[in-house]
Every structure is written in structure tokens, then in C-alpha cells.
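# Examining the three-dimensional arrangement
Spelled out, the chains give:
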Amino acid sequence: MHPTRRAILTGAAAIPLISCSFGQEAEQPSQAVNPIGNQPTPTEKNWFEIFIELESNLIQSVDSTIERSTSFESQLREIRSHHEAHLAVFSNSSTSQEVIFNSESGIGDFGELANLRIRHSRSLNFIKNSLSEITDPLLISTITQIAACDKQVIDQLADLMSQVAEVQNPPEVTND
Amino acid sequence: MTEEQITALNNVVSGENAAIWAYGFLLAFLNDADYQAGLSTFNSHRNARDAARLKLRALNQNPPRPEPNYDLPFPVSEANSAKQLAAYIEDRLSGIYSAWTATETGDDKTYAFEQAVQAASRYYFWIKETKAFPGAVS
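One structure accompanies this document, and this report is about it.

## Thoughts on the overall build of chain A
Across its full length, chain A holds 6 helices and 0 strands. When the helices and strands of chain A are placed in sequence order, the string is α-α-α-α-α-α. When each of the 176 residues of chain A is scored for burial, the buried share is 33%. Taking contacts inside chain A between residues at least 6 apart in sequence as the whole, the part at least 24 apart equals 75%.

In C-alpha cells form, the structure reads like this:
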């Protein structure tokens with residue numbers, strides 16, 4: 001390790017990273033806060049209904065994937081819990097019951113994960129496109145965080161798809 | 001330009017200043033496989049900081065200067081804790097950019113939104129974990 005770096009670490013004048021550069025102003029509403037409040041305006045209510053539908057659909061999609069996919073159940077359940085938390089912000093209640101889909105898509109794990117990834121991309125794009133029409137600061141900050149979660153899930157699903165692809169198409173081993 | 005916008009933009013500059021310092025520090029601990037990603041992210045934060053500083057200057061504001069030193073939120077002594085620090089920084093920045101998004105309009109709103117999303121993506125990159133509300137401080 002570079003000696004200057006070590007000196008910085010042990011310096012008495014060190015400033016807490018958390019308190020100095022990421023102050024209280026940056027704090028976001030916790031997921032327990034309901035941005036609807038007690039009396040949402042009609043416009044806000046309309047947006048909340050839209051996001052409730054969006055998150056409900058994503059929960060159904062994840063549930064459907066859990067039903068049909070043979071792998072990654074724990075990861076998929078975590079993704080679902082994220083969307084349930086999003087839903088709770090808008091509706092003050094989460095959908096805990098599992099939605100059972102009996103239809104078989106037959107597209108396999110890779111296809112299921114790809115479909116789920118597309119749905120999350122659509123969700124992210126929808127939020128991005130809706131930004132220009134939403135003016136409530138708390139709602140904007142909340143849906144930006146939801147979009148950020150969508151992006152993390154998109155990245156995670158890409159990783160899971162890579163794992164499936166590697167299992168199905170292992171790299172060729174050569175003797176060269 | 002409202003007071004809330006200027007405050008949010010100041011927080012972005014302060015946060016990016018800290019991120020630049022933190023990446024400069026944690027790069028020393030990353031293994032070879034992650035070093036280029038760390039270096040690239042370091043440069044991204046420097047560019048983002050400079051862009052935010054220019055916005056403040058254009059508003060006749062004095063951007064906050066980087067602190068001479070920072071305390072780490074937890075000990076960092078090897079590659080894993082270095083990646084935890086990178087993830088910590090990205091998560092906090094995602095929250096800062098979300099807050100800025102909420103104060104802005106037009107192109108700056110979209111830019112702040114994209115920065116919040118990218119920071120969350122880098123959080124996942126470093127520690128392969130997801131959060132329901134990236135950047136939220138409980």
C-alpha cells in the first residue's frame with residue numbers, strides 16, 4: 001500500500017465519510033414512508049395507481065418465473081420482495097400471496113430470465129419517461145430509487161442468464 | 001434556480017469529491033481483475049464532479065472543495081472490503097442523485113436520474129447484491 005494512503009488512513013484530522021460528504025440533505029424516504037400521505041391529490045393518486053399496477057405486474061411476472069424456472073429461486077424471491085416493498089410504498093400493503101401460473105411457456109430458464117429482464121427494462125424506461133410529467137419531489141425521488149432497483153435487477157438477471165448459458169454451452173476445452 | 005436545487009447540486013459535488021477520494025484509496029486494494037473497472041469508475045466520478053462543479057459555477061455559486069481527508073465507514077484492508085467500500089459509495093451517491101432528480105426539471109432531471117441508476121448499477125457490480133430502494137438511508 002502506498003505510504004501516503006497509509007498516512008491518510010491514520011491521520012488524526014480524518015473526516016467521517018458518512019457525515020461529511022453524504023449529509024442529512026441526501027437522506028431518502030425509507031420504504032416505510034407512504035408518499036401518498038393521507039390525502040393525495042387527484043393527479044398524484046393517478047400516478048400511484050399506475051405504479052401500483054406496474055409493480056403488481058412485475059410481482060406476477062416474477063412469480064410466474066419462479067413457478068416455471070428450475071433455478072435461482074432464492075434470487076427470484078428476493079427480486080419479488082423488492083417489488084413487494086415498492087408496492088407497499090404506493091399502496092401501504094404488499095401482495096404477499098403467491099400467484100400461481102399453470103401455463104407452461106416451454107422456453108426454459110434462459111428464456112424466462114430474458115423475459116423478466118425485458119419487463120424490468122420496460123419498467124425502468126416507463127419511469128424515465130414519466131419523470132417529465134411528475135412534479136411531486138417525494139414521488140420523483142421514490143420512483144428514481146425504484147428505477148435504480150430495476151437496473152440492479154436487470155444486471156443480476158443478465159448474470160443469471162450468463163450462468164445458464166455457461167451450463168448449457170460450456171466453453172470448449174482445447175489441448176493447445 | 002431554487003435553494004433546493006443548489007443544495008442538491010452542492011451535495012452531488014461533495015459526494016463526488018468523497019467518491020474520488022475513496023476510489024483513489026480503494027484502488028490500491030483491488031485485485032488485477034477489478035482494477036480497470038475501479039480506475040474507469042474513478043474517472044467517471046471525476047467527470048461527474050467536474051460537470052456538477054461547472055453547473056454550480058454557471059449559477060455563480062462556489063462549489064464545495066474536497067476535504068483534505070476522510071474517515072472510512074469501516075476498515076478496508078483487502079480486496080473484499082475495498083469492493084464493499086466502492087458499493088457503499090455508489091449506494092450513497094445513488095441516493096444523492098435521486099434527491100437531485102427530485103429538485104430538477106428538463107435535461108438536468110434526466111441526467112440526475114441516469115446518474116442515480118448508474119450508481120445503483122455499480123453498487124450491484126461491486127458486491128452482486130440488490131436493494132429495494134438503492135440510496136435510501138434508514
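## Some details on the nonpolar core
Among the nonpolar cores identified, the biggest contains 69 residues, and Val12, Ala22, Leu26, Leu85, Tyr97, Trp100 and Ala116 of chain B are the most heavily contacted of them. Secondary structure elements with two or more residues in this core: α3 (42-68), α4 (73-91), α5 (108-130) and α6 (137-168) of chain A together with α1 (3-26), α2 (32-58), α3 (79-103) and α4 (106-127) of chain B. Look past the residues within four positions of Leu26 of chain B in its chain and what remains in contact with it is Gly38, Val76, Ala82, Leu85 and Ala86 of chain B.

## A few points about the packing of α6 of chain A against α4 of chain B
Running from N to C, α6 of chain A and α4 of chain B cross one another at 40 degrees; their axes reach a closest spacing of 8 Å. When the axes of α6 of chain A and α4 of chain B are compared, the pair comes out oblique. In this structure, α6 of chain A meets α4 of chain B at a crossing whose hand is right-handed. Residues Thr144, Ala147, Ala148, Lys151, Gln152, Asp155 and Gln156 of chain A of α6 of chain A form the contact with α4 of chain B, whose participating residues are Phe113, Ala116, Val117, Ala120, Ser121, Tyr123 and Tyr124 of chain B. Taken together, the residues that form the contact of α6 of chain A with α4 of chain B break down as 8 nonpolar, 4 polar and 2 charged.

## Quick look at α2 of chain B
All names here are of chain B. For α2, which comprises 27 residues, the first-to-last C-alpha distance of 40 Å matches the rise-based estimate of 39 Å (1.5 Å per residue) to within 8%. Here α2 has its buried residues at Gly38, Thr41, His45, Ala48, Arg49, Ala52 and Arg53. Elements that come into contact with the buried residues of α2 comprise α1, α3 and α4. One or two steps after α2, the chain reaches Asn60, where phi turns positive at roughly 60 degrees.

Analysis parameters
Residues numbered from 1 in each chain as written. Chains lettered and ligands numbered in written order. Predicted model: local features only at pLDDT ≥ 70, side-chain atom pairs only at ≥ 80, totals over all residues. Helix = DSSP H or I, 4+ residues; strand = E, 2+ residues; numbered from the N terminus. Buried ≥ 20, exposed ≤ 12 C-beta atoms within 10 Å, placed from the backbone. Contact = placed C-beta atoms within 7 Å. Core = buried A, V, L, I, M, F, W, Y, C linked by C-beta atoms within 7 Å. Axes fitted to C-alpha atoms, helices over the stretch in contact; angles between N-to-C directions. Parallel < 35°, antiparallel > 145°, perpendicular 65-115°, else oblique. Left-handed = near helix turned anticlockwise from the far one by under 90°. Nonpolar A, V, L, I, M, F, W, Y, C, P; charged D, E, K, R; others polar. Expected span 1.5 Å × (residues − 1).

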